[in-house]
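Each chain is listed here by its residues.
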Amino acid sequence: MIGSLERQRRTFAWKSEGFDAAALGRRLAPSALTLGGLLKHLALVEDPPADF
């Protein structure tokens, strides 16, 4: 499972490298999802605060 997650991380980094802030914030109709939003989500999921 860890290997699969690492592969997904590398793939996402590879596919999104080179985008500037404007490109990361661009929405493609009809979705409200942006690459920047997806990146924020992944960062939060990968490193959640330890408030348990």
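The structure under discussion appears in the preceding block.
Residues numbered from 1 in each chain as written. Predicted model: local features only at pLDDT ≥ 70, side-chain atom pairs only at ≥ 80, totals over all residues. Heavy atoms only, no water.

(A) Just the overall build of the chain, in detail. For the chain, the count of helices and strands is 3 helices and 0 strands. Order of helices (α) and strands (β) in the chain, N terminus to C terminus: α-α-α. In terms of overall size, the chain is more extended than a compact globule, its C-alpha atoms giving a radius of gyration of 13 Å where 52 residues would be expected to give roughly 10 Å. Once the 7 positive and 6 negative side-chain charges of the chain are each reduced to a mean point, those two points are 9 Å apart. (Helix = DSSP H or I, 4+ residues; strand = E, 2+ residues; numbered from the N terminus. Rg over C-alpha atoms; globule rule 2.2 N^0.38 Å. Lys, Arg positive; Asp, Glu negative; His and termini not counted. Charge placed at Lys NZ, Arg CZ, Asp CG, Glu CD.)

(B) Local environment of the pattern of salt bridges. Applying the stated criterion across every chain, the model contains 1 salt bridge. Glu6 is the salt-bridge partner of Arg9, the closest N and O atoms lying 2.8 Å from each other. Of this pair, Arg9 and Glu6 both sit in helix 1 (residues 2–16), 3 residues apart, roughly one helical turn. Classification of Arg9 by relative accessible area gives partly exposed; the value is 34%. You can call Glu6 partly exposed: its relative accessible area is 33%. (Salt bridge = Lys/Arg side-chain N within 4 Å of Asp/Glu carboxyl O. Buried < 20%, exposed > 50% of the residue type's maximum accessible area, 1.4 Å probe, protein only.)

(C) Seen up close, the side chain of Ser16. With respect to the element layout, Ser16 can be found in helix 1. Using a relative accessible area of 16% as the deciding quantity, one classes Ser16 as buried. One polar contact links the side chain of Ser16 to the main-chain carbonyl oxygen of Phe12, over a distance of 2.8 Å. (Polar contact = N/O pair within 3.5 Å; in protein donor to acceptor, adjacent residues only side chain to side chain.)

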